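Take a look at the letters that make up each chain.
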Amino acid sequence: MAAETVPGQALKTDLFIGGEFVPAVSGKRFATTNPATGETLGEVAEAGREDLDRAVAAARATLESGPWASMKPRERGRILIRAAEMLLSRAEELGRVETLDNGKPIFESAKIDMPAAADALSYFGESADKLYGDTFPGRPDAMLLTLREPVGVVGAITPWNFPLLQAMWKIAPALALGNTVVLKPASLTPLTALLFADLLREAGLPAGAFNVVTGPGSTVGQAMAEHPGIDKVSFTGETGTGKKILRAAAATMKRVSMELGGKSPNVVFADADLEAAAKGAINAIFYGKGELCSAGSRLLVEESVHDALLERVVDRAKKMVPADPLHPKTRLGALVSEKQRETVEAYVTSGKSEGAKVVAGGNRASVDGKGAFFEATVFDGVRPDMKIAREEIFGPVLATLTFADEAEAVAVGNSTIYGLAAAVWTRDVKKALRTAKALKAGTVWVNAYNLYDPGLPFGGYKESGFGRERGRYALEEYTQVKSVWVDLS
Ligand code: NDP
C-alpha cells in the first residue's frame, strides 16, 4: 500500500541505527496513516529498550572514535551543507510524504517547511567552525582559556506538527558541533525523519552520527530521558510531557532543553492597519491548521475597533475552506489525527458552554466524505478565564477577547501559564516597543506574525520552556565549556 500512495518515493520504515536500516529486535511494527483519508501509509518499526541501547551505543562509539570524532569542523559543516542542497532538490518529494503523514497542505510542506529545514542545515553547516572559546587576561603567570566541546550523545524527541523541520532545529546544530544524535520522531509522523536519515547517509555523514528510533513516547521516549548513555535531551512537545521528561532526566543529571506549548496573544490596537492585522490574525491561527506551538490563538483587540477588525477576520476565515492537502491551492489541510479532531471539537463545545459565540466555522468537515478536517473557527466574546482562552487547543480555533487600554492588553496577554510568542499591531512605535517589552514571551512580532529566521533565537518564557533554538544560542545549547589553565611560571 505504501508504494502506491507515495509514487516515486520508496518509504523507509525500519529503524536507522549505526548507518543501517534495521527492524526492531522484537519485530514489532505500528501503522502510520494519512489523516486526510484514513489510509495506512506504512508499518513502521517499533523500537524497544534494546533497540535504543543499540542506537545509543552506535552514537557513543561514533562520538569517541573514527572519522566523525577526528573530522575538522569545516568538513562536518560541508556534509550538512551538501545535505541541505539535496534536501532542497527533493523538497517536493519529501514535502509530499510530510503532507501524507501529517495532513498539512503541500504548499506548506514543500514550499515552506522543507526549504526552511534546508536553511537550518546550511545555516548550522556554515556555523560549524565559528563558535569560539575565550582567553582571559586574568594573570601574568598563566594563560586562561575556554574550549567549546560537544555535549556528547544528544537525544532529540520531537512532535508531529512540523515533523522534519522541528527535528532539524536540533539535528543541525548538534551535528555541526560534533555531537551525535538519536532522534525519536512523533509516532503520528515518523516518515520524513527516516527518509532524511537516508539522505544524510548519502551526503556522507559517517555511520552512527545520526540514528532514528521510532516508537511510543511513553516507552522509548521515556527510556531516552532516563538513559545513562544520553548526555542531553532536546525536547519539543507538550508542556505536560516536558515535565515528565525533566523528572526522568534528573536521575542522570542530563542537560535538557524544552520547547513547549503556547497560547500566544496577538494584540491589535485601534491605530493599527486593520487590513494587515486581519490578514496577520488569519495567518497566525490557521497556518499549519493551528497545530502550531506559536499559533496566535488569542486575538486581543482594542474595544473601539472590535467590530471593524472582526468583520475582516470572519470574512477571511470563511474563505479558509478545508480541502485536499495535496492540492497546491489548499491552505487548510486535515488535522493530524481523528483524536486531535476530537480534542479540538471538545474545546469548541467548551467555548460555547462557557458563553463564547462562534462567529465562523465551529464544525467538523470532510473532503470526499473522509478525513480529520475541521472548519476554520472564530470565537467572539471570550473572557480570559474561559478554558478556550487559557489552554492550548492546537487546532484552527481563534479566541477573540477585547481590551480597553494598553495596560489591560498586557495584563490579559500575560494571563496564561505560557510565554512562547506574541504580536502587537499598531502604527505607534513607542506603544509597539513598550508592549513588546511588557509581554512575557520568547518572541514578539511587531506588525507581523509567524516570521522566522535561522539566526533569530526561538524559545519560551514561563511554562513554554527554556533553552533556545536557532542562531548562536542554539550553538551554545549543543556545546559545553571547558576551562583550561596553562601555567606559564
Ligand atoms: P507530545 O508532548 O505529546 O509529544 C512530543 C514527543 O514526545 C513525541 O515524540 C512523543 O512520542 C514523545 N513523548 C510522549 N510521551 C513521552 C514521555 N513520557 N517521555 C518521552 N517522550 C514522550 O506533543 P505533540 O506531539 O502532541 O505535539 C504538540 C505539542 O508540541 C504542543 O503542545 C505544541 O505546543 C508543542 N510544540 C512546541 C513547539 C516549540 O517550539 N515550543 C513547536 C512545536 C510543537 P509519541 O508521538 O510516540 O507520543
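The residue count restarts for each chain, going from 1 along the sequence in the order it is written. Per-residue local features of the predicted model are confined to residues with pLDDT of at least 70, and side-chain atom pairs are confined, for both listing and counting, to 80 or more; whole-chain, interface and lining totals are unaffected and use all residues. As a rule here, side-chain values cover all heavy atoms of the structure and leave hydrogens and water aside.

Engineer: Can you walk me through the overall build of the chain in this structure?
Structural biologist: The secondary structure listing takes helices from DSSP runs of H or I that are at least 4 residues long and strands from runs of E that are at least 2 residues long, numbered from the N terminus. Scanning the chain for helices and strands turns up 17 helices and 24 strands. Values of the radius of gyration come from C-alpha atoms, whereas the globule rule sets the reference at 2.2 Å times the count of residues to the power 0.38. Here the C-alpha radius of gyration of the chain, 23 Å, is about what a compact globule of 489 residues would show, namely 23 Å. Judged by the C-alpha coordinates and their principal axes, the chain covers about 70 × 65 × 40 Å. Excluding contacts between residues fewer than 6 apart, the proportion of contacts in the chain whose partners are at least 24 apart in sequence is 74%. The charge count includes Lys and Arg as positive and Asp and Glu as negative, but it does not include His or the ends of the chains. In plain terms, the charge of a residue is placed at NZ if it is Lys, CZ if Arg, CG if Asp and CD if Glu. Charge centroids of the chain, computed over 57 positive and 60 negative side chains, lie 2 Å from each other. What makes two residues a contact is simply this: any of their non-hydrogen atoms within 4.5 Å.

Engineer: Can you walk me through the sheet that holds strand S6 (residues 142-150) in this structure?
Structural biologist: The strands making up a sheet associate through backbone hydrogen bonding, with each pair oriented either parallel or antiparallel. On the basis of which strands lie adjacent, the open sheet formed by three strands has the order S5-S6-S24 and antiparallel pairing. If you trace the sheet from one side to the other, it starts and ends with strand S5 (135-136) and strand S24 (479-487), each paired once. Here S6 runs beside S24; their pairing, made up of nine bridges, is antiparallel. Note on S24: the bridge partner recorded for Leu144 is Trp485. We treat two strands as partners when DSSP finds at least two bridges between them.

Engineer: Before we go on, may I ask you to explain the side chain of Asp101 in this structure?
Structural biologist: Within the element layout of this structure, Asp101 appears in helix H5 (residues 91-102). Classification of residues uses two cut-offs on accessible area relative to the type maximum, computed with a 1.4 Å probe and protein chains only: under 20% is buried, over 50% is exposed, and between them is partly exposed. Here, a salt bridge means any Lys or Arg side-chain nitrogen found within 4 Å of an Asp or Glu carboxyl oxygen. Despite its burial, Asp101 remains without a salt bridge, the nearest opposite charge being carried by Lys289 at 10 Å. Identification of polar contacts relies on pairs of N or O atoms within 3.5 Å, with a donor-acceptor requirement for protein atoms, meaning one able to donate a hydrogen and the other able to accept it, and with residues adjacent in sequence counted only if both atoms are side-chain atoms. Looking at Asp101, its side chain comes within polar contact range of the main-chain nitrogen of Leu191, at 3.2 Å. Residues in contact with Asp101, not counting those within four places in the same chain, are Thr32, Thr33, Pro35, Leu41, Leu188, Thr189, Pro190 and Leu191.

Engineer: What exactly am I supposed to notice about a nonpolar patch on the surface here?
Structural biologist: Among the surface-exposed residues, Met143, Val486 and Leu488 lie close enough to one another that they form a single nonpolar patch of about 250 Å² accessible area. Along the chain, Met143 falls in strand S6. Every patch collects residues that have over 30% relative accessible area and no salt bridge, joining them within 9 Å if they carry like charges and within 5 Å if they are nonpolar side chains (Val, Leu, Ile, Met, Phe, Trp, Tyr). Using the Shrake-Rupley algorithm and a 1.4 Å probe, accessible areas are obtained, with residue cover drawn only from the displayed protein chains.

Engineer: Would you mind showing me how to read the sheet that holds strand S18 (residues 397-403) here?
Structural biologist: What the seven strands build is an open sheet, ordered S14-S17-S18-S13-S12-S20-S21; its pairing is mixed. In this open sheet, the two edge strands, each paired with only one partner strand, are strand S14 (357-360) and strand S21 (443-446). Averaged over all pairs of adjacent strands, the angle between strand axes in this sheet comes to 25°, irrespective of strand direction. Alignment of strand S12 (residues 265-268) against strand S20 (residues 421-425), held across three bridges, turns out to be parallel. Within the sheet, the bridge partner assigned to Asn266 lies in S20 and is Ala423. Together, S12, strand S13 (298-302), strand S17 (377-380), S18 and S20 form the strand contacts of helix H11 (residues 274-286), whose direction differs from that of S12 by roughly 175°. Every axis corresponds to a line fitted to the C-alpha atoms, with the helix fit spanning only the stretch in contact, and the corresponding angles, defined between N-to-C directions, vary from 0 to 180 degrees. Strands S14, S17 and S18 of the sheet are contacted by helix H13 (residues 338-353), whose axis makes an angle of about 20° with S17.

Engineer: What exactly am I supposed to notice about the nonpolar core here?
Structural biologist: In a soluble, globular protein the nonpolar side chains are often hidden away together inside. The criterion is simple. A nonpolar core is a set of buried Ala, Val, Leu, Ile, Met, Phe, Trp, Tyr and Cys residues joined through side-chain atoms within 4.5 Å. Judged by nonpolar contacts, the single largest core of 90 residues is most densely connected at Leu87, Leu121, Leu175, Phe196, Phe210, Leu309 and Val313. The element best represented in this core is helix H7 (residues 163-176), accounting for ten residues. Note that the domain bounds were set by an automatic or database domain assignment. Looking at which domains feed residues into this core, each of domain 1 (15-260 + 464-484) and domain 2 (265-453) gives three or more. In this view, Leu309 contacts Val268, Leu274, Ala277, Ala278, Leu299 and Val301; residues no more than four positions away in its chain are not counted. Counting 29 residues, the second largest nonpolar core, distinct from the first, contains Leu15, Ala55, Val56 and Val182.

Engineer: Which parts of the structure should I look at to understand the packing of helix H9 (residues 217-226) against helix H10 (residues 239-250)?
Structural biologist: For any two helices packed against each other, one specifies the crossing angle of their axes together with the interaxial distance. Interhelical geometry of H9 versus H10 gives an angle of 45° and a closest axis separation of 7 Å. One element, H9, and the other, H10, form an angle in the oblique class. Contacts from Gln222, Ala225 and Glu226 of H9 reach H10 at Ile245, Ala248 and Ala249. When residues are grouped by polarity, Ala, Val, Leu, Ile, Met, Phe, Trp, Tyr, Cys and Pro land in nonpolar, Asp, Glu, Lys and Arg in charged, and all others, Gly among them, in polar. In terms of residue class, the contact of H9 with H10 is made up of four nonpolar, one polar and one charged. An angle counts as roughly parallel when it lies under 35 degrees, as roughly antiparallel when it exceeds 145, as roughly perpendicular when it falls between 65 and 115, and as oblique in every other case.

Engineer: What exactly am I supposed to notice about the packing of H7 against helix H8 (residues 191-203) here?
Structural biologist: At their nearest, the axes of H7 and H8 sit 10 Å apart, and the two run at 35° to each other. As for how H7 packs across H8, the hand of that crossing is right-handed. Contacts between H7 and H8 involve Pro163, Leu164, Met168, Ile171 and Leu175 from the first element and Thr192, Ala193, Phe196 and Leu200 from the second. Taken together, the residues of the contact of H7 with H8 break down into eight nonpolar, one polar and no charged. For a crossing to be left-handed, the near helix must be turned anticlockwise from the far one by less than a right angle; the clockwise case is right-handed.

Engineer: Help me understand unusual backbone geometry, please; the structure alone is not making it clear to me.
Structural biologist: A negative phi holds for most residues other than glycine; trans holds for most peptide bonds. One non-glycine residue, Asp368, adopts positive backbone phi at about 55°. Mapping Asp368 onto the fold places it in the loop between strand S15 (364-367) and strand S16 (370-374).

Engineer: I would appreciate a short explanation of H5 in the present structure.
Structural biologist: One full turn of an α-helix is made of 3.6 residues, so residues set three or four places apart face in the same direction. The end-to-end C-alpha distance of H5, which contains twelve residues, comes to 16 Å, matching closely the 16 Å that a straight helix rising 1.5 Å per residue would cover. Of all twelve residues in H5, nine are buried, a share of seventy percent or more. Within the span of H5, buried status applies to Ala91, Leu94, Gly95, Val97, Glu98, Thr99, Leu100, Asp101 and Asn102. Immediately downstream of H5, the backbone of Gly103 shows phi near 90°, a positive value. To estimate how far a helix should extend, the number of its residues minus one is multiplied by 1.5 Å.

Engineer: What exactly am I supposed to notice about the packing of aromatic side chains here?
Structural biologist: In this description, an aromatic ring pair is defined by two values, namely the gap between the centres and the angle between the planes. Centre distance within 6.5 Å is the pairing criterion for rings of Phe, Tyr and Trp, where only the six-membered ring of Trp is used; planes under 30 degrees apart are then read as stacked, over 60 as edge-to-face, and the remainder as tilted. Under the defined criterion, the tally for this structure stands at ten aromatic pairs. Arranged with centres 5.3 Å apart and planes meeting at 75°, the rings of Phe269 and Phe403 form a pair that is edge-to-face. Of this pair, Phe269 sits in the loop between S12 and H11 while Phe403 sits in strand S18, and the two are 134 residues apart along the sequence. Residue classification places Phe269 among the buried residues on the basis of a relative accessible area of 1%. Three or more aromatic residues link up through ring pairs in this structure, and these residues are Trp445, Tyr449, Tyr452 and Phe458. A ring is considered to have a charge above it if a Lys NZ or an Arg CZ atom is located within 6 Å of its centre and within 35 degrees of its normal. The residue whose ring lies beneath Lys232 is Tyr478, and the NZ or CZ to ring-centre distance is 4.8 Å. Above the face of the Phe107 ring, Arg331 is positioned so that its terminal group lies 3.7 Å from the ring centre.

Engineer: What am I meant to see in the site of the ligand here?
Structural biologist: The immediate surroundings of the ligand are formed by 30 residues, with Ser187, Thr241, Leu260, Cys293 and Glu392 found nearest. A distance of 2.8 Å is found between an oxygen atom of the ligand and a backbone nitrogen or oxygen belonging to Gly217. Between the ligand and the protein, one listed contact pairs an oxygen atom with a side-chain N or O atom of Glu392 at 2.5 Å. Elements represented by at least two residues in the shell around the ligand include exactly H9, strand S10 (232-236) and H10. Here the residues of the shell around the ligand sort into 13 nonpolar, twelve polar and five charged. When residues of the shell around the ligand are assigned to domains, at least three fall in each of domain 1 (15-260 + 464-484) and domain 2 (265-453). Near is defined per residue: the residue qualifies when any heavy atom it owns lies within 4 Å of the molecule or strand.

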